[in-house]
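Listed here are the chains, written in short residue letters.
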Amino acid sequence: MPGQIQVHYQPLYTADTNRMAGVEALARWSHAERGWVAPDLFVPLAEKTGLIDQLGDLVLRKACLDAVSLPIDTLAVNVSALQLNNPSFAMKMTSILLEAQMDPRRLELEVTESTLSERPTECQRNIKALRSIAVRFAVDDFGTGFSSLGRLPTLDVDRIKIDRSFVQGFGRCNGEEAIVQAIIDMARVTGLNTTAEGVETQSQCDFLRKLGCDQLQGFLLSKPVPKEELQNLLEGRSRRVSA
Ligand code: G
Ligand code: MN
């Protein structure tokens, strides 16, 4: 499996200036018979079979080595609770940064809410150690777990990523607009940055800008692309929707 894992990158754009501020690294498994296998399928499989550390290291290393030669500020990488529970995770992450000669301030690790709410000690220790060398953390898919807005100030993170189900629920009369507004307002008073995931339409994009969301990500702006295509995007050689 490791040889068939590729890392694609999805651009993250600043909402106000429309600049590519960073990318999120996303693992892709190219299976001989099944074609592309989505991470939602193979990540739980890797966790079950004990391959997650190996897979996680591979993605982190590839992404950091790619990012050093790219003119982007931030590289975001997803890490699972199992990886963060490994006592040697912070050490391993530090050695990958050293090997890639990457400034730790450019790295943002995305973790799920449940990783943070369980707060097992190893996980906490790893986060603390990495934050002390200026690695940033983001809560991924915010709103899908047992999220409570009241807990936002206590989360030891720099950014929240608002789950795409809220963005895609705009206009469906379930109060998604009000929820997203509340998340963004609460994040602002707490000093957290916000990214909206899953932006697929121009009206979602316009509304999120109006609400004061900092960063936008989604198929409207760009799908995840291989490194070569990302380079073309950065050099303006490939077309991008000017949302
Ligand atoms: O859990 P996380 O938010 O890291 O998942 C990222 C996944 O979301 C990737 O597999 C990516 O392909 C997918 N994704 C990215 N942008 C969009 C979008 O605009 N719409 C939908 N439906 N999925 C998206
Ligand atoms: Mn993510």
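The paragraphs below set out a description of the structure included in this document. Small disclaimer: the values here were computed from a predicted structure and weren't measured. (Residues numbered from 1 in each chain as written. Chains lettered and ligands numbered in written order. Predicted model: local features only at pLDDT ≥ 70, side-chain atom pairs only at ≥ 80, totals over all residues. Heavy atoms only, no water.)

## Structural notes on the overall build of the protein
Part 1 of the reasoning: Counting its secondary structure elements, the protein contains 10 helices and 9 strands.
Part 2 of the reasoning: Against the compact-globule benchmark of 18 Å for 243 residues, the protein has a radius of gyration of 17 Å, which places it among compact chains.
Part 3 of the reasoning: The buried share of the protein, reckoned over its 243 residues, is 46%.
Part 4 of the reasoning: For the protein, contacts bridging at least 24 residues in sequence account for 64% of all contacts bridging at least 6.
Part 5 of the reasoning: When the accessible surface of the protein is split by element, carbon and sulfur atoms take 53% of a total near 11,600 Å².
Part 6 of the reasoning: The average position of the 27 basic charges and that of the 31 acidic charges among the side chains of the protein differ by 2 Å. (Helix = DSSP H or I, 4+ residues; strand = E, 2+ residues; numbered from the N terminus. Rg over C-alpha atoms; globule rule 2.2 N^0.38 Å. Buried < 20%, exposed > 50% of the residue type's maximum accessible area, 1.4 Å probe, protein only. Contact = heavy atoms within 4.5 Å. Areas by Shrake-Rupley, 256 points an atom, 1.4 Å probe, with all protein chains shown as cover. Lys, Arg positive; Asp, Glu negative; His and termini not counted. Charge placed at Lys NZ, Arg CZ, Asp CG, Glu CD.)

## Examining the site of ligand 1
Part 1 of the reasoning: Neighbouring ligand 1 are 16 residues; Q10, E24, R164, E200 and F219 lie closest to it.
Part 2 of the reasoning: Between ligand 1 and R28, the relevant distance is 3.3 Å, taken from an oxygen atom to a side-chain nitrogen or oxygen of the residue.
Part 3 of the reasoning: At 2.8 Å, a backbone N or O of F219 approaches an oxygen atom of ligand 1.
Part 4 of the reasoning: If ligand 1 stood free it would expose 530 Å²; the protein chains cover 81% of that surface.
Part 5 of the reasoning: If you list the elements that add at least two residues to the shell around ligand 1, you get β2 (20–31) and β6 (136–142). (Near = heavy atom within 4 Å. Polar contact = N/O pair within 3.5 Å; in protein donor to acceptor, adjacent residues only side chain to side chain.)

## Section: the coordination of the manganese ion (ligand 2)
Part 1 of the reasoning: Protein coordination of the manganese ion (ligand 2) is provided by E24 (OE), N78 (OD1), E110 (OE) and D140 (OD), with donor distances spanning 2.0 to 2.4 Å.
Part 2 of the reasoning: If you list the donors of the manganese ion (ligand 2) from N- to C-terminus, the spacing comes out as E-x53-N-x31-E-x29-D. Here the residue N78 occupies a position in strand β4 (residues 74–78), and E110 occupies one in strand β5 (residues 107–112), the gap between them amounting to 32 residues.
Part 3 of the reasoning: For N78, a relative accessible area of 29% corresponds to the partly exposed category. (Donors = N, O, S within 2.8 Å, 3.2 Å for Na, K, Ca; no water.)

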